[in-house]
Amino acid sequence: MRTPMTDSDRTLTDWLVALAAPTPSPAGGSAAAIAGALGAALVEMVAGLTGNREKYANVHAEATSAAEHAGRLRDRLVGLASRDAETFAGFTATLAMPKRTPEEKAARTAARDAAFREGAAVQLDLLEALSETADLAAAMTERGLSAALGDAATGALLAAAAARSAYWAVRSNLAGASDRAAAERAVARAGELLERVEREERRVLDLLGERVP
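These numbers come from a predicted model, not from an experiment.

A. Expanded view of the packing of aromatic side chains. Enumeration according to the criterion identifies one aromatic pair in this entry. Consider the rings of Tyr167 and Trp168, whose centres lie 5.2 Å apart with planes at 80°: the pair is edge-to-face. Classification of Tyr167 as buried rests on a relative accessible area of 12%. Of the residues examined, Trp168 reaches a relative accessible area of 52% and is grouped as exposed.

Now the structure itself:
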C-alpha cells in the first residue's frame, strides 16, 4: 500500500503519481493546493520578468514585492497540499477505529468529527492563500509585462479553480458538524474568500477581453 504524500519537497511527478494512485490520499484538496502553487509560481515569474524590464520602471517596486509574496505563497500552498494529505489520512484512520461498545462508538464519532473539522480548517487556509494569489495575479495581469499577460491570467484562473474546489470541500467537511454555529461561520468565511477570488478572476477575464484580439 502506498504511504500518504506528506513531504512538501516532493517533485511534481511524485505528486501526480500519488494523486493518480487508487488510494484515498492525497486527493482533491491536495490537487487544488498544487494548482494554486502553480498559479503563484506563474505570478512570481511574471513579476520577476516585469522587474527586469526598464520599460516597467514605474512598477518595479510593486513587481519586486509581488514576486517575493508569490514565492512565499508558492511554498505555503505546497505545504497545504501535504497538510491536506495528512489530514485526510487521519480521517481514514478514524474509520478503522473499533465501534463495538457505546464508548468506542462515541470515541470513533468524536475522532471522525475532529478530522472533518481539521479538513475544513486546511481548506479555509487554502482559500486564504488562494485569495492572496488571485490578488497578485490580477495586479500583474493589469500592470505586469504585457508579453506575459496570458501567464499572469493563468495564475488567476488556476487560483479561482482551486478556490471553488476548496469552498465546496469546506461545505462538505462541515455538513454534519455538531457545532452548527461554528460550521456556519466557517462556511460564511469560505464564501467571502471565494467571492474575493472570483471577483479578481472576473477582473482578469475583462482585461483579457480588452487586450486579446
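B. Focus on the packing of helix H4 (residues 102-143) against helix H5 (residues 149-173). Contact geometry of H4 with H5 gives a least axis separation of 8 Å together with a crossing angle of 160°. Taken together, the axes of H4 and H5 lie roughly antiparallel to each other. Remark: the crossing between H4 and H5 carries left-handed chirality. Partitioning the contact of H4 with H5 into residue classes produces 20 nonpolar, six polar and no charged.

C. Region of the structure containing unusual backbone geometry. The omega angle of the peptide bond from Ser25 to Pro26 is 0°, so this bond is cis rather than trans. Here Pro26 is to be found in the loop between helix H1 (12-20) and helix H2 (28-51).

D. Quick look at the side chain of Thr141. Along the polypeptide, Thr141 turns up in helix H4. Engagement of the side chain of Thr141 in a polar contact is seen with the backbone oxygen of Ala137, the distance being 2.7 Å.

E. Up close: the environment of Ser165. Note that Ser165 resides in helix H5. The exposure class of Ser165 is partly exposed, given its relative accessible area of 31%. A C-alpha to C-alpha distance of 31 Å links Ser165 and Ala106, two positions 59 residues apart in sequence. Once residues within four sequence positions are removed from consideration, Ser165 is found in contact with Gly28 and Ala32.

F. Structural context of a nonpolar patch on the surface. On the surface, Leu12, Leu16 and Leu38 cluster together to form a nonpolar patch covering roughly 270 Å² of accessible area. Structurally, Leu38 is set in helix H2.

G. Seen up close, the pattern of salt bridges. This model, assessed by the stated rule, comprises 15 salt bridges. Of the charged contacts in the structure, one is a salt bridge between Asp75 and Arg74, with a shortest N-O distance of 3.5 Å. Looking at Arg74, the relative accessible area reads 29%, which means it is partly exposed. Glu128 is the salt-bridge partner of Arg189, the closest N and O atoms lying 2.9 Å from each other. Remark: Glu128 occurs in helix H4 and Arg189 occurs in helix H6 (residues 180-211); sequence separation between them is 61 residues. The class of Arg189 is partly exposed, set by a relative accessible area of 34%. On the basis of relative accessible area, Glu128 is assigned to the partly exposed category, the value being 24%. Residues joined in a network through salt bridges with shared partners are Glu62, Glu142, Arg143, Glu200 and Arg203.

H. Examining the nonpolar core more closely. Counting residues in hydrophobic clusters, the biggest one holds 52 residues, and the most contacted among them are Leu77, Leu80, Leu126, Leu127, Leu130, Met140 and Leu174. For this core, the secondary-structure elements that each account for two or more residues are H2, helix H3 (60-95), H4, H5 and H6. Among the elements that line this core, the one with the most residues is H4, at twelve residues. Discounting chain neighbours no more than four positions away, the residues touching Leu174 are Arg117, Ala120, Arg180, Ala183, Ala186 and Val187.

Calculation criteria
Residues numbered from 1 in each chain as written. Predicted model: local features only at pLDDT ≥ 70, side-chain atom pairs only at ≥ 80, totals over all residues. Heavy atoms only, no water. Phe/Tyr/Trp six-rings, centres within 6.5 Å; stacked < 30°, edge-to-face > 60°. Buried < 20%, exposed > 50% of the residue type's maximum accessible area, 1.4 Å probe, protein only. Axes fitted to C-alpha atoms, helices over the stretch in contact; angles between N-to-C directions. Helix = DSSP H or I, 4+ residues; strand = E, 2+ residues; numbered from the N terminus. Parallel < 35°, antiparallel > 145°, perpendicular 65-115°, else oblique. Left-handed = near helix turned anticlockwise from the far one by under 90°. Nonpolar A, V, L, I, M, F, W, Y, C, P; charged D, E, K, R; others polar. Polar contact = N/O pair within 3.5 Å; in protein donor to acceptor, adjacent residues only side chain to side chain. Contact = heavy atoms within 4.5 Å. Patch = residues over 30% accessible without salt bridge, like charges linked within 9 Å, V, L, I, M, F, W, Y side chains within 5 Å. Areas by Shrake-Rupley, 256 points an atom, 1.4 Å probe, with all protein chains shown as cover. Salt bridge = Lys/Arg side-chain N within 4 Å of Asp/Glu carboxyl O. Core = buried A, V, L, I, M, F, W, Y, C linked by side-chain atoms within 4.5 Å.

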